[in-house]
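# Structure assessment
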Amino acid sequence: MTKKIEAILREEKLDVVMAALRDIGIVGMNVIEVRGHGRQGGIELVGRTGSYHVDLLPRVQLNIVLSDHNVDRTVDTICKAAQTGNIGDGLIFIYPVDEVVRIRTSERGRQALTYAGDIDTR
Amino acid sequence: MTTINTGDTAWVLFATALVLMMTPALAFFYGGMVRKKNILSTLNLSIIVIGLISIQWVLIGYTLAFGNSTGGLIGNLKYAGLTGVGAAPNAQYAPNIPHLAFAAFQMMFAIITPALITGALVERVRFRTFLVFVLLWATFVYDPVAHWVWGAGGILHKLGTLDFAGGTVVHITAGYSALAFAIVIGRRRWFGHAPIEPSSIPFTVLGAGLLWMGWFGFNGGSALAANGLAVNALVTSNTAAAASAVMWMLLTWRDNKPSVLGIVTGAVVGLVAITPASGYVSPLSALIIGAVAAPVSYYAIKLRQRMQLDESLDVWACHGVGGTWGALATGIFASKAINPTGANGLLFGNPVQFVIQIIAVVLVIAFSFGMTFVIASVLKKLIGLRVSQNEEEVGLDISEHGERAYS
């Protein structure tokens, strides 16, 4: 089975998380800049006088598609690298993926996901 | 005796260029504070004023402000189309530079003043109505007040009002007109319900920096000569701006964190306050004028916010209130030791000057607020002041100009 990990992270944690993932052999990912808020609902920013409330904060969304058996290790790695212990550290969502196709070769499934030196060959 | 001095002429021409630059600088100062869907619209409100008022000033503006006085209220049409305004000096206004240089320098003041008002009406004004408003406002508010204060024979000039570079003529007229216009046009949609976040504080910082530099021409150039008085005006301006910026930093720091937007706002407010006083007070007095200007405008903004009034970019608090403080401060700190052609203020044993300043301030506030309220109300009835709700939500860049700032 193939899974997709969608991790919402603090912008400033992206570099650390990517380095940690590289260390365990995650070679492919993409990143989207997103804005949002959780239960705490935004932050106060300083204005000309006093402050004003901003609802949506900048975050990054990290997308990784990988095989089932690597999910736990990857999620642990992300959590460890991205944690600050404060409100707003983000969330990770995990979905099943029906199919993966590598456009260059039309390979499908596991073959489309494996690379020399990736997490499965370590 | 009129003899053209080339050094004086060179300085006034350069100062004219510096003051022209202040209007695009103001465009960026304001543009950075609106949402990104309205940034082009906001920039353009200032830029188009350069176009409109340059024409208005040549045709009738200059002569209404500086033509021969008609009862002290308005200039006659002697200089309409700048007829007779040329290379020869005008002994009444500046015997050392070409009359046309004086008219050009004054044109830049006539341009930036209505541009200041735009901070009150951003993100919702209908562009074509704004064009009509600017022409009416320049003709019926700015030109008369400039004549009262600066025109030979103007009522406030005869009274002995001191306004070196435009505390009443520029800042009080713009600030109180902004207040009146904001009341008539009403709040932006969702004001107070959804956050309105500045699109680019860096633009605002850039604009403030260029305004600060341009102000050396605004106040220093108002000496109309390259002399010690010009230097005094430049140094007092810089001192007041610095004192006000530092004070504003402390105010935001006490309430929160030292705000960059606050610090540059403070600098502008200090420059506003010193404008009428710059050629009459010492650098030490300027330090006090700037340091007091910051809290005065700071709490004026807080008051405006508490009243839920959407005078969007605080033209009233910064220019109206800051300018009022500056005009009154001129009556307190003015000293003949600095400028023998001026007068002594309250601190130098002449309380009458303070009373004169109060009279000028009250008259200019009442006239600017009242006239603008009437002009805006009439335009509202005849052609409408605002874009539609949908156009406002889409943003004026697209709905009024069919352009967007960023792809």
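In what follows, the structure referred to is the one given above.
Predicted model only: the values in this text are computed from it and were never measured.

About the thresholds
Residues numbered from 1 in each chain as written. Chains lettered and ligands numbered in written order. Predicted model: local features only at pLDDT ≥ 70, side-chain atom pairs only at ≥ 80, totals over all residues. Heavy atoms only, no water. Helix = DSSP H or I, 4+ residues; strand = E, 2+ residues; numbered from the N terminus. Rg over C-alpha atoms; globule rule 2.2 N^0.38 Å. 1 Å grid on protein atoms, 1.4 Å probe; cavity = no way out; pocket = protein on both sides within 12 Å on 5 of 7 lines; lining within 4 Å. Points joined across faces, edges and corners; volume = space filled by probe spheres on them. Salt bridge = Lys/Arg side-chain N within 4 Å of Asp/Glu carboxyl O. Buried < 20%, exposed > 50% of the residue type's maximum accessible area, 1.4 Å probe, protein only. Contact = heavy atoms within 4.5 Å. Buried area = accessible area lost by both parts, 1.4 Å probe. Polar contact = N/O pair within 3.5 Å; in protein donor to acceptor, adjacent residues only side chain to side chain. Nonpolar A, V, L, I, M, F, W, Y, C, P; charged D, E, K, R; others polar.

## Thoughts on the overall build of chain A
A count of helices and strands for chain A gives 3 helices and 8 strands. Mapped in sequence order, the helices and strands of chain A form the string β-α-β-β-β-β-α-β-β-β-α. Taking 14 Å as the expected radius of gyration for a compact globule of 122 residues, we find that chain A reaches 17 Å, considerably beyond that expectation. The principal-axis extent of the C-alpha atoms belonging to chain A is close to 60 × 25 × 20 Å.

## What about empty space enclosed by the protein?
If a probe the size of a water molecule is rolled over the atoms, the empty space left behind becomes visible. All names here are of chain B. Under the defined criterion, the tally for this structure stands at 3 cavities of 30 Å³ or more. There is about 60 Å³ of room inside the largest cavity. In terms of lining, the largest cavity is formed by Met22, Leu26, Phe29, Ile112, Leu116, Val170, His171, Leu211, Trp215, Phe218, Val268 and His319. Of all the secondary-structure elements, those providing two or more residues to the lining of the largest cavity are α1 (6–31), α3 (99–117), α6 (167–185) and α7 (201–220).

## Observations regarding the pattern of salt bridges
The full count for this structure, using the stated rule, is 16 salt bridges over all chains. We note a salt bridge from A:Lys4 to A:Glu6, for which the minimum N-O separation is 3.6 Å. The class for A:Lys4 is partly exposed, based on a relative accessible area of 25%. A:Glu6 sits in the buried class, given a relative accessible area of 13%. Where B:Arg126 meets B:Glu391, a salt bridge forms, and the shortest distance between an N and an O atom there is 3.0 Å. With a gap of 265 residues between them, B:Arg126 in the loop between α3 and α4 (127–150) and B:Glu391 in helix α13 (residues 389–394) connect regions that are remote in the sequence.

## Quick word on the interface of chain A and chain B
How large an interface is tends to be reported as the accessible area lost when its parts come together. The interface is formed by 11 residues belonging to chain A together with 21 residues belonging to chain B. Regarding the contact of chain A and chain B, the summed buried area is about 1100 Å², with carbon and sulfur atoms giving 55% of it. Considering only the side of chain A, the residues that lose the most area to chain B are A:Val46, A:Arg48 and A:Thr49, jointly responsible for 64% of the buried surface there. Seen at the junction of chain A and chain B, the total is 1 salt bridge. The partner of A:Arg48 in a salt bridge is B:Asp314, and the shortest N-O contact between them spans 4.0 Å. On the surface where chain A and chain B come into contact, there are 5 residue pairs in polar contact (both at pLDDT 80 or more). Listing elements by their share of the side of chain A that touches chain B, those giving two or more residues are β3 (43–46) and β4 (51–54) of chain A. In terms of residue count, β4(A) provides more of the side of chain A that touches chain B than any other element does, 4 residues in total. Here the residues of the side of chain A that touches chain B sort into 4 nonpolar, 5 polar and 2 charged.

In short, geometric facts, not functional conclusions.
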